[in-house]
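Listed below, chain by chain, are the residues.
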Amino acid sequence: MNKHLRDQLIQRAVDAKKTSYSPYSKFRVGASILTSDGEIFSGCNVENASYGLAICAERNAVFQAAFAGKRKIVAVAVTSDEKAFITPCGACRQVLSEFADGNAEIILVSAAGKTKSVKFKKIFPTPPALEKLKK
Ligand code: THU
């Protein structure tokens, strides 16, 4: 990925964080997704008074991309207001695995804008055992 696209992807995650609906946890998260055709989708976390119904920023972004008909994720950026990097939760990793292969780049972005990249296979090492269920 070239630097311009990478910067754009990161900025979209930062922008998405601004629309986080997180009155319960006060933990704002923004995520963005780069699809194989170079398009970027983003999402924020959206919470609910029934706490367990909150949706993470990463899944929101994946679903925005899927709704637009995109089926291949090549990179993801995720950011919060934390000094430390945050990584996608287990549920989001499973959902990402539907559309991202092990080489997808996961860009972790601190509140201050520091970044760290990891390959998706590093945070989701299990091969997709459910692959055969796909038509
Ligand atoms: N959250 C995300 O959106 N992504 C993560 O990677 C970690 C957690 C959200 C869920 C909930 O709205 C809030 O952060 C606190 O867990």
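The paragraphs below set out a description of the structure included in this document. (Residues numbered from 1 in each chain as written. Predicted model: local features only at pLDDT ≥ 70, side-chain atom pairs only at ≥ 80, totals over all residues. Heavy atoms only, no water.)

Focus: the overall build of the chain
Put simply, the rule is: Only DSSP runs of H or I covering at least 4 residues are called helices, and only runs of E covering at least 2 are called strands; the numbering of each starts at the N terminus. C-alpha atoms define the radius of gyration in this analysis, and the globule rule sets the expected value at 2.2 Å times the number of residues to the power 0.38. Buried means the residue's accessible area, taken with a 1.4 Å probe over protein chains only, is under 20% of the maximum for its type, while exposed means over 50%, and partly exposed covers the values in between. Contact definition: two residues touch when any of their heavy atoms are within 4.5 Å. Counted as positive: Lys and Arg. Counted as negative: Asp and Glu, with His and the chain ends omitted from the count. We put the charge of a Lys on NZ, of an Arg on CZ, of an Asp on CG and of a Glu on CD.
Of regular secondary structure, the chain possesses four helices and five strands. Secondary structure elements in the chain, listed N-terminal to C-terminal, are α-β-β-α-β-α-β-β-α. For 135 residues, the compact-globule formula gives about 14 Å, and the C-alpha radius of gyration of the chain, at 14 Å, lands near that figure. Seen along its three principal axes, the alpha-carbon backbone of the chain occupies a region of about 40 × 40 × 25 Å. Here the chain holds 135 residues, and 40% of them are scored as buried. In the chain, once contacts between residues fewer than 6 apart in sequence are set aside, the share between residues at least 24 apart is 60%. Put simply, the chain has 21 plus and 12 minus side-chain charges, and the middle of one group is 4 Å from the middle of the other.

Quick notes on a positive patch on the surface
What counts is decided by this rule: Without a salt bridge and with relative accessible area above 30%, a residue can belong to a patch; like charges are then joined within 9 Å and nonpolar side chains (Val, Leu, Ile, Met, Phe, Trp, Tyr) within 5 Å. With residues, only the protein chains shown are counted as cover, and all accessible areas are computed by Shrake-Rupley using a 1.4 Å probe. Any carboxyl oxygen of Asp or Glu that lies within 4 Å of a side-chain nitrogen of Lys or Arg is treated as forming a salt bridge with it.
Residues Lys83, Lys114, Lys116 and Lys122 make up a contiguous surface patch of positive charge. With respect to the secondary-structure elements, Lys83 resides in the loop between strand S3 (73-80) and helix H3 (90-96). Given a relative accessible area of 81%, Lys83 falls into the exposed group.

Focus on the site of the ligand
Put simply, the rule is: Whether a residue is near a molecule or strand depends on its heavy atoms: it is near if one of them lies within 4 Å of it. Whenever a nitrogen or oxygen atom comes within 3.5 Å of another N or O atom, the pair is scored as a polar contact, on the condition that within protein one atom can donate a hydrogen and the other can accept it, and that pairs from neighbouring residues in sequence are kept only if both atoms are in side chains. Lys, Arg, Asp and Glu make up the charged group, whereas Ala, Val, Leu, Ile, Met, Phe, Trp, Tyr, Cys and Pro make up the nonpolar group; the residues left over, Gly among them, are polar.
Contacts to the ligand come from Ser25, Phe27, Val29, Asn45, Glu47, Cys56, Ala57, Glu58, Ile86, Thr87, Pro88 and Cys89. Within the side chain of Glu58, an N or O atom sits 2.6 Å from an oxygen atom of the ligand. Here an oxygen atom of the ligand sits 3.4 Å away from a polar atom, N or O, in the main chain of Thr87. Contact with the protein chains covers 77% of the free accessible surface of the ligand, which is 380 Å². The residue inventory of the shell around the ligand, partitioned by class, reads seven nonpolar, three polar and two charged.

The quantities given are spatial measurements derived from coordinates; they are silent on function.
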